[in-house]
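Structure assessment
Spelled out from the first residue to the last, the chains are:
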Amino acid sequence: MPRDISRRSILKLLSGTAMAAPFAHLLTSSVAEAADAAPLRFIALFTPHGVLPEYWTPKGGEQDFNIDFENSVLQPLQRHRSKLLVLDGLDYRVLYEHGRTGHEGGPVTFLTGSQVVVDSGDELPSGASLDQVIGNAVGGVTQFRSLQLHAFEQFGAQHVYNSISFTENGSRVPFELNPANVYKRLFGSMGGSSAEAQAILLKRKSLMDYLIKDATRLKKRLAATEGQKLDTHLAALRDIERRLTNTGALGCVKPEEPSDGLSDLGDLGNMPGLTQLHLDLIARAFACDLTRVVTMTIPGPSMPWIGIDEDIHNDIAHRTDTQTEPDRTAIRLKMVKVQQWYAEQVASLMDSLAAIPEGSGTVLDNTVILWGNELGDAAGHMNVSIPTVLAGGAGGKFRMGRYLRLRPGKDPLGSWPGPGSPLPGAVEHNKLLTSIAQAFGVNVDRFGHPDYTGTLSGLT
Amino acid sequence: MPLRRFVLSSALVLSASACTGNIGGADETPESAAAPARVRRLTREEFNKSASAVLGSSVDVAQGFAAEDTILGFSTHERLQVTSLLADQIDTAALTLAEEGRSQLSDLYACPSGKSQDDCAKAFIQKVGQRAFRRPVTPEEEADLLALFNAGKQGGTMSTGAELVLQALFSSASFLYRTELGPTTARKGQVVELTPYEVASELSFMVTGGPPDDTLLAAAQAGTLTSPDEREKQARRLLQTADARLKLRQFFIEWLGLNGLNKVNKNNQVYPDYSVDFRDSMVRERNAFIDSVVKDHAGSVQELLSANYSYVDETLANYYGGLSRTNVDDEGMGRVTLPPERLGILTQAGVMSTYAHFDSSSPIKRGKFVLTRLLCRTVPPPPANVSTIPPAVSEDSTTRQRFAAHTSNPACAGCHKTIDPMGFGMEDFDGLGQHRTEENGHTVDASGGVVAPDGTITAPFTGGAQLARYLSTNDELANCVPLQFVRYAMGRDEHASDAALLAAMRTGAYRTDQLKVTEALVSLVRSASFTQRRLPTR
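Residues numbered from 1 in each chain as written. Chains lettered and ligands numbered in written order. Predicted model: local features only at pLDDT ≥ 70, side-chain atom pairs only at ≥ 80, totals over all residues.

**What about the overall build of chain A?**
When helices and strands are counted, chain A shows 13 helices and 10 strands. Taking contacts inside chain A between residues at least 6 apart in sequence as the whole, the part at least 24 apart equals 72%. (Helix = DSSP H or I, 4+ residues; strand = E, 2+ residues; numbered from the N terminus. Contact = placed C-beta atoms within 7 Å.)

Here you go:
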């Protein structure tokens, strides 16, 4: 079948014998290792419903912080403690200073730093998300500028929990739910013979030339805003074109195809398995340097596999401020269990990345994981003190193994007169987005809403 | 914002090349004169139908593509794009389709001796290109596609050339976007009439969700679509097709926000009747009832809201109180006369379940649903310094009692004094759409009211059925539906230039004849909003 034609054999053709790489070596380490400096990679993970600060917040100080206490949400990450930078006290100021709180704004602003725009009748940002910006800046040397994954679709595709990634014009970047499809997209074209490859390559090139020409012709007739649609399209076509000759995946081992045992994507019982498959594919994609940017959302309708049969949103998160015992403790400890499960997923992703050698270290050393949420304290349902964790070695760009209290003190909304008034001492998450963007060489002094400027101090 | 990279747009190129007449635009029209020129990406369903039209047989390759999101509640909106993921999916699908076309369309590229292969290739390109682009192929495109054909033929045969051309067509921008740009000779800043082929596409996709058929293309070629009467005739012809009925079903489902029904989930401890099968029963009722309104009543919204009957399977017939069914069809659906507490679509289990929580009803969701979707009112989000946590489910009070407390907060009352009376009035249905007179041992109070924008209660009512009856003859609703239909069909919000169209819809046959959506559609295809666009100034 022509579509199964080997990308690898095409590449061999292109590059002749020089590409006879020592595969045995590459089997076990990142392909990108050969480069002068290991690339920096970005993963944004989003999990919902806020946290309970008493169980989420580390104890102790910046260096001697402790996450290994009873019912600590972050306890599963203890083994990666030296590669954590726990950030307490970041706010989605752009939301509450523009008349918004609650769940809906969080996924919109998490990576965009934008306020919520509702002109469309929908809740969307006004600009691109950090993953897209970084992907456009650094992803051009890889096969995929970025990947958007989603562990489980809880509601329809338009639901806020399904989108943390947005294009330049504030439209949702669609995600892939099915690990089997992710696998096919990443690795499907590996294998096949070089004779077929030669015939196909030339045709593929002619095809891409035509498609780019046709799209460009149409774009020329459009005004700037309409033209943006074609810009997105053209960028996608150039991605395909680049893959024809890109050597990224060369010598990379095609991983085993995921089993189809989890093909029912609507079965909640499959969610842990699907999550794991997605996380594995992230690690495999990084090992092969197929992409350097990934976003993933892991929602939580309920979690029967850890004994949480309730609707986590309505029956747990919304009830964490229950005052009467023993209900209060029971509900809050269930919330801890849910959040610990998320932490376990982050830890397991870190395990996989740490298992891939790169240079004198591992792929994890050269990865920034941003783990975020839409709410702070679940009981208050406010977008203040959003639980935020940076994880991975970050290629030395950030100083890890620390816990920063960005705004020590009490509830910042305590004396706040209401929407429209600034909040003294609040630290906007836009600063973090700017810092991460800069770490990837994106030259910006602010990210998202233009009123919030500068980087987050203390990260380096 | 600083991140917005400067797109040195093609506008510069255009302005250089289009300097023949209009420099600076002294005779530019105001932006309010017509909605902007644009392109619209095909939805997955539209992709399938468009590919099927090229191949001449029905294919379904697009269901696995990235799903559309919704704007204003509709998936047919103008912001759809070809992102990286979708481009890859289309790339794969295009090859599958091209292989299929290579074997199915062999008559079209077969080349009898005595004819040059290039001529045969050109004929093929014109034929399939017109079907794919929904307009004749331009000479420039023909030359490009011929080069591609010959690249495909290299080391192969006519069939491999045809295959590569087909692969290109199925993944090309000219196939994936419908244009609404007018003629290429038009000047910047001007209002243009769309080309006949653009009008044909717009009409066809709006009515049937697919590309124009031969009759419509012939009308485009003959230039008759400039006539509103001809457009109406074509629309009425196409409305008789099965595709048009499905397309109207889609409008009703998206307008009423019922597209998520097949994902509704309920707490079985609260609602032991709930199961995946039960959910399917609700979906089947939704579809069968809407289909009957479309087929037998020309999409009458009055019928939709006030029918005293429905079409249900055995599960729902029992759930609704042991109703007896007549004319049960092969699919197990039969017609029932509804009990007095139910009326039309509003009180269907699927609607009441959609606008509810996992484990309780939701007066807030229901109130907001009627206000925003049925009456086109705007309900602002809660103020930022107010907690929006719904009160906890309690075993010794009614939902209404739990929710009533929060309206005592003056920060909330402004909006909730409108939302709550609407929602409370549907409290005679629980979170799975079962009728109830008691909740947790208390009598349910389902008295409610429609509150006018000025804050006065214009219509007190008790229970969902009374509300449905009121809405079925309500002016605000009658005026809202045309706006929702414009959003759905045009894929955008109301534009200043739509005033005449909306007035025509709101006073025309739609209004006088039982709020038949099909008549609103006819007003739309007759209008200037349908055929005119304003070109960008730069």
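Having seen the model, we can carry on.
**Thoughts on the overall build of chain B**
Looking only at helices and strands, chain B features 25 helices and 10 strands. Rg of the C-alpha trace for chain B: 27 Å, near the compact-globule value of 24 Å for 538 residues, within the 12% margin. Overall, chain B is about 90 × 60 × 50 Å in size when its C-alpha atoms are taken along their principal axes. Looking at chain B residue by residue over its 538 residues, the buried ones come to 53%. (Rg over C-alpha atoms; globule rule 2.2 N^0.38 Å. Buried ≥ 20, exposed ≤ 12 C-beta atoms within 10 Å, placed from the backbone.)

**As for unusual backbone geometry**
Pro326 of chain A follows Glu325 of chain A through a cis peptide bond whose omega is 5°. Examined against the element boundaries, Pro326 of chain A turns out to sit in the loop between helix H11 (312–316) and helix H12 (327–354). Here the phi dihedral of Leu72 of chain B falls at roughly 55°; this positive angle occurs in a residue that is not glycine. For Leu72 of chain B, the location among the structural elements is in the loop between helix H2 (44–55) and helix H3 (84–104). Phi is positive for Asn440 of chain B, which is not a glycine, with a value near 50°. For Asn440 of chain B, the location among the structural elements is in the loop between strand E6 (438–439) and strand E7 (442–443).

**Remarks on the packing of helix H5 (residues 117–133) of chain B against helix H7 (residues 158–170) of chain B**
Residue and element names in this part refer to chain B. Running from N to C, H5 and H7 point in directions that differ by 30°, and their axes come no closer than 11 Å. The angle between H5 and H7 falls in the class roughly parallel. Of the two elements, H5 crosses H7, and the hand of that crossing is right-handed. Residues Gln117, Cys120, Ala121, Phe124, Ile125, Val128, Gly129 and Ala132 of H5 touch H7, and the partners they reach there are Met158, Gly161, Ala162, Val165, Leu166 and Leu169. Tallied by class, the residues present in the contact of H5 with H7 amount to 11 nonpolar, three polar and no charged. (Axes fitted to C-alpha atoms, helices over the stretch in contact; angles between N-to-C directions. Parallel < 35°, antiparallel > 145°, perpendicular 65-115°, else oblique. Left-handed = near helix turned anticlockwise from the far one by under 90°. Nonpolar A, V, L, I, M, F, W, Y, C, P; charged D, E, K, R; others polar.)

**Re H3 of chain B**
Its 21 residues place the ends of H3 of chain B 30 Å apart at the C-alpha level, agreeing with the 30 Å of an ideal helix rising 1.5 Å per residue. Counting buried positions along H3 of chain B yields 15 of 21 residues, so the element is predominantly enclosed. (Expected span 1.5 Å × (residues − 1).)

**Observations concerning the interface of chain A and chain B**
Of the residues lining the interface, 74 residues belong to chain A; the matching set on chain B comes to 64 residues. For the side of chain A that touches chain B, the elements supplying multiple residues, two or more each, are helix H8 (194–219), helix H9 (224–245) and H11 of chain A. For the side of chain A that touches chain B, the element with the highest residue contribution is H9 of chain A, accounting for 13 residues. Broken down by class, the residue content of the side of chain A that touches chain B amounts to 29 nonpolar, 22 polar and 23 charged.

**Some thoughts on the domain arrangement of chain B**
By domain assignment, chain B separates into domain 1 (42–177) and domain 2 (350–379 + 392–472). Just the C-alpha atoms count here: the centres of domain 1 of chain B and domain 2 of chain B sit 51 Å apart. (Domains from an automatic or database assignment.)

**Comments concerning the confidence of the model for chain A**
Residue and element names in this part refer to chain A. Of the residues in chain A, 84% have a pLDDT of 70 or more, and the chain-wide mean is 84. Confidence, read as mean pLDDT per element, is least for helix H2 (residues 23–27) in chain A (31) and greatest for strand E7 (residues 367–372) (98). Here residues 1–29 is modelled with pLDDT under 50, and outside its nearest four sequence neighbours on either side it reaches 57 contacts, counting other chains as well. (pLDDT = per-residue confidence, 0-100.)

**A word on the pairing of strand E3 (residues 147–150) of chain A**
Residues and elements named next belong to chain A. Of the two faces of E3, the one holding Leu147 and Leu149 and the one holding Gln148 and His150 are both buried throughout. In this sheet, strand E4 (residues 293–297) lies alongside E3 in parallel orientation, the contact comprising four bridges. Opposite Gln148, over in E4, you have Thr295 as the bridge partner. (Pairing = 2+ DSSP bridges.)

**Some points on the confidence of the model for chain B**
Confidence in the prediction of chain B, expressed as mean pLDDT, is 90, and 92% of residues score 70 or more. For this predicted complex, the interface confidence reaches an ipTM of 0.90, while the overall pTM sits at 0.85.

**Quick word on the packing of helix H9 (residues 196–208) of chain B against helix H11 (residues 228–239) of chain B**
Residue and element names in this part refer to chain B. Two elements in contact, H9 and H11, have axes separated by 10 Å at closest approach and are oriented at 30°. In terms of axis orientation, H9 runs roughly parallel to H11. As for how H9 packs across H11, the hand of that crossing is right-handed. Taken together, the residues of H11 that come into contact with H9 (itself represented by Leu203, Ser204, Val207 and Thr208) are Arg231, Gln234, Ala235, Leu238 and Leu239. Tallied by class, residues from the contact of H9 with H11 come to five nonpolar, three polar and one charged.

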